[in-house]
Amino acid sequence: MQIPFNKPFFTGKEVDYINQAINNGSVAGKGEFTNKCQSFFEQKFGIKKCLLTTSCTDALELATLLLDIKSGDEVIVPSYTFVSTANAFVLRGANIVFADSSNISPNIDADKIEQLITPKTKVIVVMHYNGVSCDMDKIMAVANKHGIYVVEDAAQAINSYCNGKVVGSQGHLSAFSFHETKNIISGEGGMLAINDDALVKRAEIICEKGTNRSAFLRGEVKEYSWMDVGSSFYPSELTAAFLWAQLQKLDSIQNTRFELWDTYYNSLLSLANNNAFYLPEVDENNKGNGHVFYIVLPSKNHRDELSAYLNSKGISAVFHYLALHKSPYFSDKYIGEPLPNSERYTNCLLRLPLYNGLQTEEQDYIIQAIKEYYK
Ligand SMILES: *Cc1c(COP(=O)(O)O)cnc(C)c1O
């Protein structure tokens, strides 16, 4: 049996909606499907303003323009995350101050943030691994106390809730991804959620290449002009039409993922209880969105051996991020403390295949292979 790590899921309606966009006679951005998708998120998740972008990376770069990040600003970023979380700020000349993950999850350790704040700190960036929320109450309290912004890398966190709140609704800005590896996809795609009223108007201008075209299209001004800096951020209607098809199936996509996730968890619990590896902590009030199923092995050797064994059985089980503070780009610039948890997840975390379309027999085969390995 050959089981890939991920297979993009198609609902079957994508091409219909793309055809509809073509029949609408206009396929540039900001048309009917873009509006539908944005309204969907605003209504379902109660977010003030959602702007579709061409990727989460793009949404993060839009955020850095919106917050006027400049050379010399300091930005606190977790080391254990995707490169774009930090790179978007590096592009604007910011100095990255890397923070460690917590002991119990790959998320940033909220208790270790305040000690990294200096008078130059402009933003705290957090990333919600597997859609499980970071400790936002604590993080927002620290940020408010020091008058700094919070940007959430919610790339993995679509449709996640924590204590009844939507993940991505608490920081000033949140960036989501619809890359084909995520729960809801549009090939490449992303979204910036703007939770701070004061940032909405300028976000629209930056998103419109620095013009007030959005106000013009609403009939608020007679002509549109160059008002501010900006760039091209929004996707075409073809991408939005694709995304709309996915959003129609959001609940069923999520249910399937949760079922697969729970099956892994329940089936592997006895091995975890025998200390073979650690399972993710489960908190019913903050259970993520079934994006990733991962285990944490006791050492890199254990991880690499299990990974090689599963690969030899045709199962693609893969590691995840490599600590950014140790990356070839950054390691010689890093002057902070060691970040042992970031290194631990770099070395010891292993992800199992999880996608809509993973068959019951296939998942059983994966679970049996792991059990056999530990026999
Ligand atoms: C996937 C991912 C991104 C990048 O998303 P794109 O849409 O591909 O730009 C950024 N951050 C995290 C945490 C991710 O998982």
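Bear in mind the structure is a predicted one, so any value in this text is a computation, not a measurement.

Asker: Teacher, can you tell me more about the site of the ligand here?
Answerer: Taken together, 13 residues lie around the ligand, and Cys56, Thr57, Asp153, Ser177 and Lys182 are the ones closest in. Between a nitrogen atom of the ligand and a side-chain N or O atom of Asp153, the distance comes to 2.7 Å. Side-chain polar atom of Tyr321 to an oxygen atom of the ligand: 3.0 Å apart, as the coordinates give it. Contact with the protein chains hides 93% of the accessible area of the ligand, taken as 380 Å² for the molecule alone. Its residues placed into classes, the shell around the ligand shows five nonpolar, six polar and two charged.

Asker: In this structure, what is going on with the side chain of His320? I would like to understand it.
Answerer: Mapping His320 onto the fold places it in the loop between helix H10 (300–312) and helix H11 (340–348). Given the relative accessible area of 14%, His320 is considered buried. Among the polar contacts listed, one links the side chain of His320 to the side chain of Arg351, at a separation of 3.2 Å. Not counting the four nearest positions on each side in its chain, His320 is found in contact with Tyr80, Tyr129, Gln156, Leu349 and Arg351.

Asker: I'm lost on the packing of aromatic side chains in this one. Help?
Answerer: Each aromatic ring pair is summarised here by two numbers: the centre-to-centre distance and the angle between the ring planes. One pass over the structure, following the stated rule, counts 22 aromatic pairs. Judged by centre distance (6.3 Å) and plane angle (90°), the rings of Phe40 and Trp244 are edge-to-face. Of this pair, Phe40 sits in helix H2 (residues 32–45) while Trp244 sits in helix H8 (residues 237–248), placing them 204 residues apart in sequence. You'll find Phe40 and Trp244 in the same group, each marked buried.

Asker: How should H11 be read in this particular structure?
Answerer: An α-helix turns once per 3.6 residues; consequently, residues spaced three or four apart project the same way. Looking at H11, one finds that the buried residues are Asn341, Ser342, Tyr345, Thr346 and Cys348. Where H11 is buried, its residues contact strand S10 (293–296), H10 and strand S11 (349–352).

Asker: What is the right way to look at the sheet that holds strand S1 (residues 49–53) in this model?
Answerer: Backbone hydrogen bonds hold the strands of a sheet together, and the pairing may be parallel or antiparallel. A sheet is described by the order of its strands in space; here seven strands give the open sequence S1-S9-S8-S5-S4-S2-S3, paired in mixed fashion. The open sheet has two free edges, formed respectively by S1 and strand S3 (95–99), since each of these has just one partner strand. With direction set aside, neighbouring strand axes in the sheet form an average angle of 20°. Taken together, the five bridges between strand S2 (residues 74–78) and S3 define a ladder with parallel strand orientation.

Asker: Can you walk me through the packing of H10 against helix H12 (residues 360–373) in this structure?
Answerer: Helix packing geometry: the angle between the two helix axes and the distance between the axes. Axis separation between H10 and H12 bottoms out at 10 Å; the angle between their running directions is 130°. It follows from the interaxial angle that H10 and H12 lie oblique. As for the relative orientation of H10 and H12, their crossing is right-handed in sense. In this structure, H10 uses His302, Glu305, Leu306, Tyr309 and Leu310 to contact H12, whose residues at the interface are Ala369, Ile370, Glu372 and Tyr373.

Asker: For this particular structure, what's the right way to read a nonpolar patch on the surface?
Answerer: Side chains of Ile22, Val27 and Leu238 sit close together on the surface and give an oily, nonpolar patch of about 220 Å² of accessible area. On the secondary structure map, Val27 appears in the loop between helix H1 (14–23) and H2. Residue class for Val27 comes out partly exposed when judged on its relative accessible area of 34%.

Asker: Teacher, can you tell me more about the state of the cysteines here?
Answerer: Working definition: the covalent bond between the sulfur atoms of two cysteines is a disulfide. Enumeration over the complete set of coordinates arrives at zero disulfides. Of the cysteine sulfurs around Cys37, a residue in no disulfide, the closest is that of Cys50, at 10 Å. What makes Cys37 buried here is its relative accessible area of 0%.

Definitions and limits used
- Residues numbered from 1 in each chain as written.
- Predicted model: local features only at pLDDT ≥ 70, side-chain atom pairs only at ≥ 80, totals over all residues.
- Heavy atoms only, no water.
- Near = heavy atom within 4 Å.
- Polar contact = N/O pair within 3.5 Å; in protein donor to acceptor, adjacent residues only side chain to side chain.
- Areas by Shrake-Rupley, 256 points an atom, 1.4 Å probe, with all protein chains shown as cover.
- Nonpolar A, V, L, I, M, F, W, Y, C, P; charged D, E, K, R; others polar.
- Helix = DSSP H or I, 4+ residues; strand = E, 2+ residues; numbered from the N terminus.
- Buried < 20%, exposed > 50% of the residue type's maximum accessible area, 1.4 Å probe, protein only.
- Contact = heavy atoms within 4.5 Å.
- Phe/Tyr/Trp six-rings, centres within 6.5 Å; stacked < 30°, edge-to-face > 60°.
- Pairing = 2+ DSSP bridges.
- Axes fitted to C-alpha atoms, helices over the stretch in contact; angles between N-to-C directions.
- Parallel < 35°, antiparallel > 145°, perpendicular 65-115°, else oblique.
- Left-handed = near helix turned anticlockwise from the far one by under 90°.
- Patch = residues over 30% accessible without salt bridge, like charges linked within 9 Å, V, L, I, M, F, W, Y side chains within 5 Å.
- Salt bridge = Lys/Arg side-chain N within 4 Å of Asp/Glu carboxyl O.
- Disulfide = S-S within 2.5 Å.

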